[in-house]
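Coordinates in review
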Amino acid sequence: MDLTDLYSTYERINTVSPRTLLKIVLYSYMNGDYSSRSMELNCKRDINFMYLLEGKPVPDHVTFSRFRSIHFAPCAKRILAEMSNLFYELGEISGETIFIDGTKIEACANKYTFVWKKTVTKNQAKLLIKIADLIAECEQLYGIRIVHGDTVKMKHVKRLRKKLYALKQEENIVFVHGIGKRKTQLQKSIETLEDYLDRLKGYTKKLHICGKRNSYSKTDPDATFMRMKEDAMGNGQLKPAFNLQHGVDSEYIVWLTIGPQPTDTTTLIHLIFCLSLMNSSDLFSHFYGFSVVQCLFSLNSSDVFTICLIH
């Protein structure tokens, strides 16, 4: 296997080589053990892990964690492609047809911690109107000029904030808090503006996390709310989940993709583009439900495309 991409993530290689760490991590995953501490313990006790370690000193759990997050994650797709190409060279897979199917895996997240993009966008639009009204009100109260036109921009909000704090310093106003203390109009304006800015920052952050998705979970921002087959309440409740697509050739899973798409109609294009890393397959078969028209237009004319409708 060509592990050039994996070795390129290292500036200096320690006692245990990246190839050895990769073998130990993959073997541990094959046995359903994903804990870095368990990998360290197995290297001390399990004869199979000792064989893979090849007599080298046992790495600690921090080494395994750093290997997965810093070195293995950036080139995981390339290594998976190298594994599939190796199976093709050994004659284990045909390299002619890949059968694609998907399933939804529920995320380990609270199903009531949803954030809806449509709701956030609506609240953000209302907040922007309130900010524009506040700027107009402050211009009348304090005799300042902020906006020289009909459009209110973020630079105007920053300018207003700067001028309000300058007025506070000029008049030596001390902010008060608590029961029985009366706030000045300037303090109310500044506190309202700060509250609006905090809310606007929160809305912007939520929209950035959503991206092209319609929703996400607060306890797992990568998860998207979608309908699942398991519906205990019988009301079509949406749950945070991931859409897993896998390609199978000769009973081997040769590729995996995980996406936020709530349906399978738009997952095939991404899967095919990822499969371009492999050199063994030119024919694709997929289950009924994928967007055939989009996939045909997304493929190059030189690609061979086979549609297999399975009911």
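Because the structure is a prediction, the values reported are computed rather than measured.

Moving on to empty space enclosed by the protein. To locate leftover empty space, one rolls a probe as large as a water molecule over the atoms. As enumerated under the stated definition, the model contains one cavity of 30 Å³ or more in all. In this model, the largest cavity occupies a volume close to 40 Å³. Around the largest cavity, the lining residues are Asn243, Gln245, Thr257, Ile258, Gly259, Gln261, Thr267 and His270. Broken down by secondary-structure element, the contributors of at least two residues to the lining of the largest cavity are strand S5 (238-249) and strand S6 (252-259). Considering each element in turn, the lining of the largest cavity owes the most residues, three residues, to S6. Here the lining of the largest cavity is built from residues that sort into one nonpolar, seven polar and no charged.

For the α-helix, the turn length of 3.6 residues means that residues three or four positions removed from each other point alike. Taking 1.5 Å of rise per residue, the 26 residues of helix H9 (residues 185-210) would be expected to cover 38 Å, and the 38 Å separating its terminal C-alpha atoms lies within 8% of that figure. Of all the positions in H9, only Leu186, Gln187, Ser189, Ile190, Leu193, Tyr196, Leu197, Leu200, Tyr203 and Cys210 are classed as buried. Where H9 is buried, its residues meet helix H7 (117-142), helix H8 (154-171) and strand S3 (215-217). Trailing H9 by a residue or two, glycine 211 shows a phi angle of about 65°, which is positive.

Attention now moves to the packing of H7 against H8. Here H7 crosses H8 at 35°, and the two axes come no closer than 11 Å. Crossing geometry of H7 relative to H8 is assigned as left-handed. For the pair formed by H7 and H8, the contact residues are Ile131, Ile135, Cys138 and Tyr142 on the first element and Val157, Leu160, Leu164 and Leu167 on the second. Here the residues of the contact of H7 with H8 sort into eight nonpolar, no polar and no charged.

Bringing the layout of surface pockets into the picture now. If you add up the space inside the largest pocket, you get close to 1,200 Å³. Lining the largest pocket are 32 residues; nearest its centre among them are Leu26, Tyr29, Phe72, Leu80 and Met83. Elements represented by at least two residues in the lining of the largest pocket include exactly helix H2 (18-30), helix H5 (61-72), helix H6 (76-89), S6 and helix H10 (268-275). At eight residues, the largest contribution of residues to the lining of the largest pocket is made by H6. When its residues are assigned to classes, the lining of the largest pocket shows 25 nonpolar, three polar and four charged. Taken as a whole, the second largest pocket spans an internal volume of roughly 320 Å³.

Counting residues in hydrophobic clusters, the biggest one holds 24 residues, and the most contacted among them are Ile131, Ile135, Leu160, Leu164 and Leu193. Elements with a minimum of two residues in this core: H7, H8 and H9. Of all the elements, H9 adds the most residues to this core, at eight residues. In this structure, Leu3, Leu6, Leu21 and Met39 belong to the second largest nonpolar core, which totals 18 residues.

Moving on: the packing of aromatic side chains. To describe a pair of aromatic rings, one takes the distance between the centres and the angle between the planes. Inspection of every chain in the model, using the stated rule, returns seven aromatic pairs. Between tyrosine 27 and phenylalanine 49 the ring centres are 5.2 Å apart and the planes differ by 70°, which places this aromatic pair in the edge-to-face class. One end of the pair, tyrosine 27, is in helix H2; the other, phenylalanine 49, is in helix H4 (residues 47-53), with 22 residues separating them in the sequence. On the basis of relative accessible area, phenylalanine 49 is assigned to the buried category, the value being 4%. Here the guanidinium or amino end of lysine 168 rests over the ring plane of phenylalanine 175, the centre of that ring lying 4.1 Å away.

Here is what the cut-offs are and how they apply
Residues numbered from 1 in each chain as written. Predicted model: local features only at pLDDT ≥ 70, side-chain atom pairs only at ≥ 80, totals over all residues. Heavy atoms only, no water. 1 Å grid on protein atoms, 1.4 Å probe; cavity = no way out; pocket = protein on both sides within 12 Å on 5 of 7 lines; lining within 4 Å. Points joined across faces, edges and corners; volume = space filled by probe spheres on them. Helix = DSSP H or I, 4+ residues; strand = E, 2+ residues; numbered from the N terminus. Nonpolar A, V, L, I, M, F, W, Y, C, P; charged D, E, K, R; others polar. Expected span 1.5 Å × (residues − 1). Buried < 20%, exposed > 50% of the residue type's maximum accessible area, 1.4 Å probe, protein only. Contact = heavy atoms within 4.5 Å. Axes fitted to C-alpha atoms, helices over the stretch in contact; angles between N-to-C directions. Left-handed = near helix turned anticlockwise from the far one by under 90°. Core = buried A, V, L, I, M, F, W, Y, C linked by side-chain atoms within 4.5 Å. Phe/Tyr/Trp six-rings, centres within 6.5 Å; stacked < 30°, edge-to-face > 60°. Lys NZ or Arg CZ within 6 Å of the ring centre and 35° of its normal.

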